[in-house]
Amino acid sequence: MADEIIRTLTVEGLRYGYRVLRQPSPRTEPVVILGGALQGMYGWPQMDDHLGPLTSVVTADLPGMGDADPLPPGAGDDVLHAAVTGIIDDLNVPRANLFGFSYGTSIAFGCAQQHPGRIARLMLGGVPAHITEEQRNRWGRAVDRLETGDLEGLAGLAAGVLMCQDPERKVHRGELARRYVRRSFLYALTHSPHAARSLHRALGHRPDFSGGLTGVPALVFAGEHDTVTSPERQRAFAATIEGSRFATIGESDHWVVLERPDDVADLAARFFTDRPLEPAPGLAALPAQSRTPRTPAGRDFADTP
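Residues numbered from 1 in each chain as written. Predicted model: local features only at pLDDT ≥ 70, side-chain atom pairs only at ≥ 80, totals over all residues. Heavy atoms only, no water.

(A) Representation of the overall build of the protein within the structure. The helix and strand inventory of the protein stands at 11 helices and 10 strands. Burial statistics for the protein: of 305 residues in total, 56% are counted as buried. Summing over all exposed atoms, the protein offers an accessible surface of approximately 13,000 Å²; the carbon and sulfur share of this is 52%. (Helix = DSSP H or I, 4+ residues; strand = E, 2+ residues; numbered from the N terminus. Buried < 20%, exposed > 50% of the residue type's maximum accessible area, 1.4 Å probe, protein only. Areas by Shrake-Rupley, 256 points an atom, 1.4 Å probe, with all protein chains shown as cover.)

(B) The side chain of His81, seen in detail. Mapped onto the elements, His81 comes out in helix H2 (residues 77–91). Those residues within four positions of His81 in sequence are excluded, and the remaining contacts are Ser106, Ile107, Gly110, Cys111 and Gln114. (Contact = heavy atoms within 4.5 Å.)

(C) Representation of the environment of Arg182 in the model. As for its placement among the helices and strands, Arg182 is situated in helix H7 (residues 174–191). Distance in space between the C-alpha atoms of Arg182 and Ala159 is 5.5 Å, their sequence separation being 23 residues. Once you skip the residues sitting within four places of it in the chain, Arg182 turns out to touch Glu152, Ala155, Gly156 and Ala159.

(D) The packing of helix H4 (residues 133–143) against helix H6 (residues 151–161), seen in detail. It is the contact of H4 with H6, at a shortest axis distance of 8 Å, that shows an interaxial angle of 165 degrees. By the angle between their directions, the pair H4 and H6 is classed as roughly antiparallel. As for the relative orientation of H4 and H6, their crossing is left-handed in sense. Two secondary-structure elements touch here, H4 through Arg138, Trp139, Ala142 and Val143 and H6 through Leu154, Leu157, Ala158 and Val161. Split into classes, the residues belonging to the contact of H4 with H6 amount to 7 nonpolar, no polar and 1 charged. (Axes fitted to C-alpha atoms, helices over the stretch in contact; angles between N-to-C directions. Parallel < 35°, antiparallel > 145°, perpendicular 65-115°, else oblique. Left-handed = near helix turned anticlockwise from the far one by under 90°. Nonpolar A, V, L, I, M, F, W, Y, C, P; charged D, E, K, R; others polar.)

(E) Structural view of the packing of aromatic side chains. Across all of its chains, the model carries 8 aromatic pairs by this definition. Each ring, one from Trp44 and one from Phe101, has its centre 6.5 Å from the other, and the planes form 80 degrees; the classification is edge-to-face. Remark: Phe101 occurs in strand S5 (residues 96–101) and Trp44 occurs in the loop between strand S3 (31–34) and helix H1 (45–51); sequence separation between them is 57 residues. For the pair formed by Trp44 and Phe101, the shared burial category is buried. (Phe/Tyr/Trp six-rings, centres within 6.5 Å; stacked < 30°, edge-to-face > 60°.)

(F) Seen up close, the pairing of strand S1 (residues 3–11). Where S1 and strand S2 (residues 14–22) come together, 9 bridges link them in antiparallel fashion. Within S2, the position partnered with Thr10 by the bridge is Arg15. Between S1 and S2, which pair antiparallel one after the other, the connecting turn spans 2 residues, and Glu12 there sits at a positive phi close to 50 degrees. (Pairing = 2+ DSSP bridges.)

(G) Region of interest: the nonpolar core. The biggest cluster of nonpolar side chains holds 46 residues, and the ones touching the most others in it are Met47, Phe99, Met123 and Phe221. Per-element tally for this core: the top contributor is helix H11 (residues 261–272), with 7 residues. Not counting chain neighbours up to four residues away, the residues in contact with Phe99 comprise Val31, Val32, Ile33, Leu34, Trp44, Met47, Met123, Phe221, Val264, Ala268 and Phe272. Counting 44 residues, the second-largest nonpolar core is a separate cluster that includes Val84, Ile87, Tyr103 and Leu213. (Core = buried A, V, L, I, M, F, W, Y, C linked by side-chain atoms within 4.5 Å.)

(H) Inspection of helix H3 (residues 103–114) at higher detail. For H3, the buried fraction is high: 10 of the 12 residues fall into the buried class. Those residues of H3 not exposed but buried are Tyr103, Gly104, Thr105, Ser106, Ile107, Ala108, Phe109, Gly110, Cys111 and Ala112.

(I) Representation of the pattern of salt bridges within the structure. As enumerated under the stated definition, the model contains 16 salt bridges in all. The partner of Glu4 in a salt bridge is Arg19, and the shortest N-O contact between them spans 2.6 Å. With a gap of 15 residues between them, Glu4 in strand S1 and Arg19 in strand S2 connect regions that are remote in the sequence. Here Arg118 ties to Asp89 by a salt bridge, and the two come within 2.9 Å at their closest N and O atoms. Taken together, the residues span a long stretch of sequence, with Arg118 in the loop between H3 and strand S6 (119–125) and Asp89 in helix H2 at a distance of 29 residues. When its relative accessible area of 46% is taken as the criterion, Asp89 is described as partly exposed. (Salt bridge = Lys/Arg side-chain N within 4 Å of Asp/Glu carboxyl O.)

Here it is, written out as structure tokens:
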């Protein structure tokens with residue numbers, strides 16, 4: 001049976017922590033999960049269920065997230081990269097797998113670029129590789145609600161701008177996911193003393209996904225209706241990673257980890273243990289740059305050129 005351990009670390013004088021569900025007989029390196037700006041270390045039960053029997057599962061409150069110390073003004077991503085490598089060091093393992101989602105993708109990608117020898121495999125989902133000024137303006141109007149104390153309005157608007165609003169596009173459990181995201185934003189903003197600052201930073205953050213990556217096996221996945229950054233643009237980002245693969249997951253948008261949690265977790269379990277991806281139910285294998293029909297709940301795969 002896996003043991004749960006909570007550890008507290010510091011980086012550049014900032015206190016942060018991580019939780020590890022330790023697997024005594026792992027089949028692969030530990031998986032470190034890095035989520036959205038307001039996602040804490042206890043928000044990944046589906047990963048515990050699917051990955052826990054296979055390896056140690058690590059979730060974190062990095063500086064600026066959850067119960068960790070807030071990031072000081074002007075702090076760069078290097079602090080967060082150092083925090084991740086600090087976790088790997090504290091696990092006393094030479095390498096770890098990284099899973100990054102949304103805001104966490106830039107942290108995971110940057111860490112892999114800086115320390116490729118420490119990363120066994122890299123899986124990124126909902127990559128905000130291209131954000132327009134119109135999107136930033138919409139997010140800014142949502143955050144402006146903080147100035148008036150309208151947290152309910154902010155939570156509703158923030159959930160809306162991060163999710164697909166087109167009624168013609170079917171999103172599995174979309175309304176349930178929207179309510180969950182709204183409640184999560186509202187809870188964080190009312191219970192965390194620095195959640196507002198974290199949200200400001202996340203929505204104003206301009207992550208750098210340039211520079212490519214070599215030497216790290218990688219998989220990028222997107223919900224087929226992601227309106228934060230389209231699957232096509234996320235696939236173009238995946239093509240900058242040597243030898244990477246790209247997957248779309250049907251009937252989901254940017255919050256694919258909520259709408260299809262078991263599909264994402266199953267995909268992660270397969271990837272991190274080097275098992276074939278295509279045989280999973282509902283999958284269609286794709287040659288590079290092609291498209292084929294799929295079942296509504298299926299996934300499409302492509303090797304990036």
